[in-house]
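# Commentary on secondary and tertiary structure
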Amino acid sequence: MATFGFACLVLALIVCAYGIGASLYGVRTGRVEFSESGRRSVYALAGILTTAFVVLELAFLGNNFAFNAVADTSSRTTPALYRAAAVWSSQEGSLLLWAWLMSMWSSLALFLTRKRLRDVAAYATAIMLGFGGFFVALMVFYANPFATTHPVPPEGVGLDPLLRFPTMMIHPPMLYSGYTLCTIPFAFGAGALLARRVDAEWIKAIRRFAFAAWLFLGVGILLGALWSYSELGWGGYWGWDAVENASLMPWLTGTAFLHSLMIQEKRGMLKIWNVSLVLATGTLAIMGTFLVRSGILDSIHAFGGHTLGVPFVCLIAVMIVGSIYLVVSRRDMLRSEHRLDSWLSRESAFLANNVVLVALCFVIFWGTYFPLISEAVTGQEASVGPPWFDRYTVPLGLILVLLSGVGPVIAWRRATLANARRNFLVPIGCALVTLLALELAGINQKPLALALFCLAAFVFGSVGQEFFRGTRARRAMAGEPVPRALLALVRRNRRRYGGYIVHIGIAVLFVGVAASSSFQHASQLSLSPGQTTRVGAYTVRYVRPTATITPKYDHAHTGSTLSLGALLYITKNGHHVATLNPSEGYYASEDASQGTVGSLIGGQPVSHVAMNASLTRNVWTAIDPDIETTALKRIITVGNSTLPAEDALVAVAYLARAYLKNPPPAQFNLLVSPLVMWIWLGGLISVGGGLIALWPAPSAVRRRVTARSRERAVRGLARV
Amino acid sequence: MGLLIAILTLLLLGLVVALVSAPLRRARQLDPPVPQDAERSDLEDPPSAPDSRLHDELDAAREAKYREIRDAELDFRTGKLSGEDYRAIDADLRAEAIEILNRLERLKTRDA
Amino acid sequence: MGRREGQGGLRYFDAMNPARKRTVRLVVALSAAVVLASALIYTSFSAASPALTPTQLLREAQPGRSYQLTGTVVNGSVHREGAVMDFSVADRVGGTAIPLAYTGVVPDPFREGREVIVTVEKQGSRFIGERNSLITKCPSKYKTAPPSENQNA
């Protein structure tokens, strides 16, 4: 079956080549049937890659260790769910996932535009097939997911225990969906420039694609942060790591694009800016994909061989040079039709927001690629740390939050100054009240966090006011009761009110970030059973050690041989708050040199965090037990020399019992962070708002609205 | 096993070729030209392709303009615009909308 | 006299035709952007810590400056005493090893023979690892995206 899988890839490559040729021929000669054939090539590609993906999945689920990918990342003892996810934990499998998602989303985009944007879509098809073909070619020539070895190994290496978490299963598909979705606006943007057609229809189509990309990318980023926080042993959700930054950058430019696109729609301005943004987003997405796989930023991760680096650099170079050429050569048709009517307008606020977002992106770009830059400039590779990032992103973030509260309050085109001044009273009032309340509560040592809280209150006030006034206006017009009016208001103005909800979500998220980073109580210390310590307002008592062996009893269900942990009793002011059981899982390794017993627990140790989460604060605990005491080491050595492999587990059980009887002091990492839940909640609210904004109105409603608007427009003419 | 793989591959190849070449085959069947088809299919090249493109474009522009008019009204009703400013903006927008509608009308009379 | 000149300047600006005004605004905006970007770029060079191998570090380290030490953890060199962990880092290809004392979170993948990056500072004749700055690189196999080992708190 591996040969069939590889044959699929080869067929896919041929289809890509054909599709590019057919689309370009069709659009240049006007022969629609060839453009149509090109479009169907994308559908065919999706079908072929789905088949290939299914073949690989079946190999994983069926433990077919002839496949190198299966043998390298899965094993018989890996739980079924993780075996399915292990497909994308290897370089080759993840390339297949990327290509497959690319083909599916491209098919959807082309299906949705099958009756419109003929020539733009044809060029876009060629570009999307170019991307697809690139990734398929990588698999065919460099990293074949269907490579096999003979003789077939009896057992696989197993999935890295660090990845055996539910969030890790869904994070890559989400993130890759985000990345691949970014290439679709890129394709349609470049396609529009090639077809010399950047107009209202293009705006309508590309907005939806950009929105979908923004949504999925955002979810992918949030899931990554959630994974980092709840599964890794350091208790943080964001470290300005290159890989995190790589996914954030296209999201920032995507956000900017969604806003400035509205300006183009209304005033015919910023065309060059918009196409540049959409091309940059796609390029940043490909750069992000590349960053993770190559060894190029040596200081962080060193995945994949350097063999993949060169093709990616070529692709990125082509994208950058091509984008610049297209924009410069088409600049005549990208001239603005109007200017800004007034500085006091929503368009103006959106412009400011764009500037801030692009500035943020630049800062993060600079910091992320700095090791390369410094090496090129000074010959010495150097890197900047989180403090440098924080120094620039925090002020920019504050300005962004401020703008997100200003936008809703100002009208389009030109706002009336007197009205605007009046409209700011409530939001500013909210901010001042918050400031007063926080000062009185004594929370004033962190000025930046304080500023953020006040700005967030400003946003809540401004958006709340909008909802209130909108509902009131609706009731005045239609006389509905409040709940119905509110619903109708949102339903008939999805884009606006969905956007407002996103702003609320982002403000909530920022509040969570500010609170949890500025007001965190941390404690790293060594404790013996019976000892107590204080973290913030909480008292933590190490009650007793815990130990479990064999996968069957591992409460985390992750397949560790041995799990050593601690029972922690958390109290506040004498009241019991939670009982937590953080643990460290020891997995089997494939290293026979560690001995029969040693190899059962000599694999990657993974910390299992235990936390008590609530709306107001998280109590987060992790343990690093000492498994290397002389007594415990002796058990392993004795077991190694006396026990055969099938009995080795007995020694591990003995070790567990010894640990329980004479527990050595263990290292604990304890954190009490306020409002962490708000981060995830804020993200959820934003996603909800985004979905509302993105959701198309049912066509019946749209026709009714169009008819009514037309009637009014005509009446207006008569009046004039 | 090898035979199974070969069969599967050929099957897949056949499906792909059928899917991808369908438009080409259909186009060849339409030659010699067929009298006006009542049904409008995907491939049928409308007699005035640039016009249909212009039509789509104006359609989208009109929808966007209607949205702007509604947005302006909502801005007024939520107290962001004074009555005077609103009437001025509304008049501007309606005039722009009328222009788009006129262009659409001209296109339709040209087609007829 | 000063005030009149200032007013004159502003009136001069107001009297310009709109196209010229727009150009002036654009130039001002771009200049501001360039100035801010330059400030950013300048501070990045001074705030960055160079990445050095143990051999380079021994040669060039100055007390009081922080460096990113990259290398492999020497087998048998890891000792933990309470909150402090001592270990030695050697060049990837072997050779000089630098012992250092590190406090803070130890990432899960950390073990002898693995590649690490740790921010260190020279204090006297010893090297001290910055708190929570230890990063362990994933073993050479590709792992899916996220920041699995970055522990810069």
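Owing to the predicted nature of the structure, the values given are computational and were not obtained by experimental measurement. (Residues numbered from 1 in each chain as written. Chains lettered and ligands numbered in written order. Predicted model: local features only at pLDDT ≥ 70, side-chain atom pairs only at ≥ 80, totals over all residues.)

The next subject is the sheet that holds strand S10 (residues 617–624) of chain A. Residues and elements named next belong to chain A. In spatial order, the strands read S2-S11-S10-S9; together these four strands make up an open sheet with antiparallel pairing. Each having just a single partner strand, strand S2 (521–527) and strand S9 (610–613) make up the two edges of the open sheet. This sheet shows a mean twist of 10° between the axes of neighbouring strands, independent of strand direction. (Pairing = 2+ DSSP bridges. Helix = DSSP H or I, 4+ residues; strand = E, 2+ residues; numbered from the N terminus. Axes fitted to C-alpha atoms, helices over the stretch in contact; angles between N-to-C directions.)

Our next topic: helix H13 (residues 370–378) of chain A. Those residues of H13 of chain A not exposed but buried are Phe370, Pro371 and Ser374 of chain A. All buried residues of H13 of chain A fall inside an arc of 100° around its axis, so they share one side. For H13 of chain A, the secondary structure elements touched by its buried residues are helix H12 (346–368) and strand S1 (382–383) of chain A together with helix H2 (18–47) and strand S1 (49–52) of chain C. Where H13 of chain A terminates, the next one or two residues include Gly379 of chain A, which has phi positive at roughly 80°. (Buried ≥ 20, exposed ≤ 12 C-beta atoms within 10 Å, placed from the backbone. Arc of directions from axis to C-beta. Contact = placed C-beta atoms within 7 Å.)

Turning next to the pairing of strand S2 (residues 66–73) of chain C. All names here are of chain C. Burial analysis of S2 places seven of its eight residues in the buried class, which makes it a mostly covered element. Taken together, the two bridges between S1 and S2 define a ladder with parallel strand orientation. In the sheet register, Leu52 faces S2, and the bridge partner there is Leu69. Read as a crossover between parallel neighbours, the route from S1 over helix H3 (residues 54–60) to S2 is right-handed. Alignment of S2 against strand S6 (residues 115–123), held across seven bridges, turns out to be antiparallel. Each residue of the ladder has a partner; that of Thr70, found in S6, is Ile117. Bridging between S2 and strand S4 (residues 84–90) involves two bridges; their strand directions are antiparallel. From the neighbouring strand, Thr72 faces S4, where its bridge partner is Ala90. (Right-handed = clockwise from strand over helix to strand, strands pointing away.)

Contact with chain B, which involves 44 residues of that partner, is made by 45 residues of chain A. Those elements that place two or more of their residues in the side of chain B that touches chain A are helix H1 (2–30), helix H2 (49–77) and helix H3 (83–111) of chain B. Along the lines of polarity and charge, the residues of the side of chain B that touches chain A split into 25 nonpolar, five polar and 14 charged. (Nonpolar A, V, L, I, M, F, W, Y, C, P; charged D, E, K, R; others polar.)

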